[in-house]
Every structure is written in C-alpha cells, then in structure tokens.
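Take a look at the letters that make up each chain.
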Amino acid sequence: KNNRLKFARGLFRYLERLDLVPANPALQIPYLKTRYYKPHIYSLKELHQILEEAREFKRRYPRRLIGWALEAMIFLIYACGLRLSEATNLRICDVDFEESALSLWKTKFHKERLVPFSPAAAQMLGAYLARRRKIYPRHSSTDRFFRSATNPSYAPGTVEGLFRGILCRCGLAKPSGRGPRIHDLRHTFAVHRLYKWYQEGHDIHNKLPLLSTYMGHTAIECTQVYLTITLDLLREADRRFQAAFEPVTHEALSRAFKRL
C-alpha cells in the first residue's frame, strides 16, 4: 500500500507540473506504519546445515546442475556479501580466477565494483564451473555463470523458493509466514566480518568505510546498522559467559577471601 501511495504522489506531482491538477490529493493520505524487519544472522552451525542440505540436491539429481549451482550460489552470497540479483546476474567472464575477483556491473543504485574472493570461494566456484562445462559444453563467456536446466539464468524468485525449501528442511523456517531470507546471508556476512575484526583487536568503526565499499552501499549510514547488530551479539555473548561462569568465579573468590 505504501508503494502504491508513493507512486500516486509522484504521479500527481507530475500532473501538478503540467497544471492539470490544482493540488496533490495523495499528500492527504498518510503512509502506513511499517515494522522494522530485524535480519536473521545465521550462526556458523546453521550455515553448515544450509550448505549440507543444498548438497543433498547433488545426491538426488546426480545428472543435473541444480545441486552444484545452489551450493555455490549460497556459499558465494555469504562469502562475498552479495545481493541475490548480483549473484544471478553474474556472467562467466565476470569471474576472474587469476585475480580472485568478481566484476559486478549495473548493481543496485547503478553502482559497479570489484569484489575479491577467498581461496575457498575460488575452489567452490571452480568446481561448479567445471561441472557446468561438463553438462553444458557449448557456452559463451557472456553467458550467465549460474544457469538452470530450463533457462540460461536463474530468476531470483526461483532461488528464493529453493532456499526457503532448504530452510524448512533444516528446521529454520516454516512453509508459510515470515522467516529468514536468502538476503540475510548478506547481513550475516557483514556482522561476521565486523565480529572478526573485533576479535582481531581492530577498531570496527574505522573499518566501516572498507565494508561499505566492499558491499556496494551508497552511504556509510547503510553500513552503520550492522554495528548495532554486532554489539547486540557481543552483549548476548557476554551475558551467556557470565551466566555460565559467574557461579564458578564467585565460589572461587569466596574461598580466596576466606583464606585471607
């Protein structure tokens, strides 16, 4: 409803400029309040479950490419913090194995960027590409890197549906209703990266511009939201640590004071 209202307001602004209407009646209709969606940050255990379930497609359909594509796509979205559309639009020529970098063109907000990837991602992508060439030997460098059995590329909606099925089989979502999304892999990448920098002793505030550039954000404010999520995780880890070890430390300190 908000999207329709936004369209109506823009249409009437256009009509006002043409002097076809005296005022913008859509301005009298307020936007509906929306609930902020808190992204699901996958744990490493959940990521292993998801990838293992994606590999099940290999065993179910050994002669098809779907299992290899799903595993590689899910791994790449998490490992490089990609948007789903960036993964599905990737071409074979956009993956540079010599430089270990992805070339992303015409992404959201019309931004373009180079995204380095790790040796583990290179191994995953290389295995998928070798399998792709075996099943579909006739291809061009401008073809989509990830292709389905019936189309030269994957539609984002198709991938989301397959990923939803994987989450349901892992017990992480239900068939109906809201739940974790494939886009949350991108959020998970950002939070895990900040958490890793924190563990290494870096000032994570100074690292934000690097993360912002890597993820293709238009402004640093888009990246700052991950600070709140990361700090929440740190507070939760501290709370669990205290709950687990505070009785032990309290008892040890009590014995020490008694000896004094």
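Just so it is clear, the structure is predicted and the values come from calculations on it, not from any experiment.

Draft legend 1. View of the side chain of T88. Residue placement: T88 occurs in helix 4 (residues 84-88). Residue class for T88 comes out buried when judged on its relative accessible area of 3%. If sequence neighbours within four positions are ignored, T88 has contacts with M73, R144, Y154, P156 and V159.

Draft legend 2. Quick look at the sheet that holds strand 1 (residues 95-96). Strand order in the open sheet formed by 3 strands is 1-2-3, with antiparallel pairing between adjacent strands. The open sheet has two edge strands, strand 1 and strand 3 (113-116), and neither has a second partner. By the bridge criterion, 2 bridges tie strand 1 to strand 2 (residues 101-104) in an arrangement that is antiparallel. Bridge pairing links V95 to L102 in strand 2.

Draft legend 3. Here's a closer look at a nonpolar patch on the surface. Judged by side-chain polarity, F7, L11, Y14, L18 and L20 come together as a nonpolar surface patch covering roughly 540 Å² of accessible area. Relative to the assigned elements, F7 resides in helix 1 (residues 2-17).

Draft legend 4. Geometry of the packing of helix 3 (residues 66-80) against helix 7 (residues 184-199). At a closest axis distance of 7 Å, the pairing of helix 3 and helix 7 adopts a crossing angle of 40°. With respect to each other, helix 3 and helix 7 are oriented oblique. The two elements helix 3 and helix 7 meet at a crossing, and its hand is right-handed. Residues I74, I77, Y78, A79 and C80 of helix 3 touch helix 7, and the partners they reach there are L185, R186, T188, F189 and H192. Residue classes in the contact of helix 3 with helix 7 are distributed as 7 nonpolar, 2 polar and 1 charged.

Draft legend 5. Local environment of the packing of aromatic side chains. Under the defined criterion, the tally for this structure stands at 7 aromatic pairs. Relative to F163, the ring of Y42 has its centre 6.4 Å away and its plane inclined at 90°; by these criteria the two rings are edge-to-face. Here F163 lies in helix 6 (residues 156-170) and Y42 lies in the loop between helix 1 and helix 2 (44-60), a separation of 121 residues in the sequence. The class for F163 is buried, based on a relative accessible area of 2%. Consider the rings of F97 and F117, whose centres lie 6.3 Å apart with planes at 75°: the pair is edge-to-face. In this pair, F97 sits in the loop between strand 1 and strand 2 while F117 sits in the loop between strand 3 and helix 5 (119-135), placing the two residues 20 residues apart along the sequence. F97 gets classed as partly exposed once you look at its relative accessible area, which sits at 33%. By relative accessible area, which is 7% here, F117 ends up buried. Through pairs of rings, three or more aromatic residues link up here, namely Y128, F145 and F146. The lysine or arginine in question, K58, covers the ring of W68, its NZ or CZ lying 4.0 Å from the ring centre. The ring of Y136 is capped by R147, whose NZ or CZ atom sits 3.9 Å from the centre of that ring.

Draft legend 6. Molecular detail of unusual backbone geometry. Unlike most non-glycine residues, D19 shows phi in positive territory, near 60°. One non-glycine residue, S100, adopts positive backbone phi at about 50°. Tracing the backbone shows S100 in the loop between strand 1 and strand 2. Since its relative accessible area comes to 25%, S100 is described here as partly exposed.

Draft legend 7. Quick peek at helix 8 (residues 204-215). The end-to-end C-alpha separation of helix 8 is 16 Å, in line with the 16 Å expected for 12 residues at 1.5 Å each. Those residues of helix 8 not exposed but buried are I204, K207, L208, L211, S212 and M215. The buried residues of helix 8 occupy an angular sector of 155° when projected down its axis, which confines them to one face. Looking at helix 8, the residues exposed on the side facing more than 90 degrees away from the buried face are N206, L210 and T213. Put simply, D203 is the residue that caps the front of helix 8, since its side-chain oxygen is 3.0 Å from the backbone nitrogen of H205. Residue G216 follows helix 8 closely and has a positive phi angle near 75°.

About the thresholds
- Residues numbered from 1 in each chain as written.
- Predicted model: local features only at pLDDT ≥ 70, side-chain atom pairs only at ≥ 80, totals over all residues.
- Heavy atoms only, no water.
- Helix = DSSP H or I, 4+ residues; strand = E, 2+ residues; numbered from the N terminus.
- Buried < 20%, exposed > 50% of the residue type's maximum accessible area, 1.4 Å probe, protein only.
- Contact = heavy atoms within 4.5 Å.
- Pairing = 2+ DSSP bridges.
- Patch = residues over 30% accessible without salt bridge, like charges linked within 9 Å, V, L, I, M, F, W, Y side chains within 5 Å.
- Areas by Shrake-Rupley, 256 points an atom, 1.4 Å probe, with all protein chains shown as cover.
- Salt bridge = Lys/Arg side-chain N within 4 Å of Asp/Glu carboxyl O.
- Axes fitted to C-alpha atoms, helices over the stretch in contact; angles between N-to-C directions.
- Parallel < 35°, antiparallel > 145°, perpendicular 65-115°, else oblique.
- Left-handed = near helix turned anticlockwise from the far one by under 90°.
- Nonpolar A, V, L, I, M, F, W, Y, C, P; charged D, E, K, R; others polar.
- Phe/Tyr/Trp six-rings, centres within 6.5 Å; stacked < 30°, edge-to-face > 60°.
- Lys NZ or Arg CZ within 6 Å of the ring centre and 35° of its normal.
- Expected span 1.5 Å × (residues − 1).
- Arc of directions from axis to C-beta.
- Polar contact = N/O pair within 3.5 Å; in protein donor to acceptor, adjacent residues only side chain to side chain.

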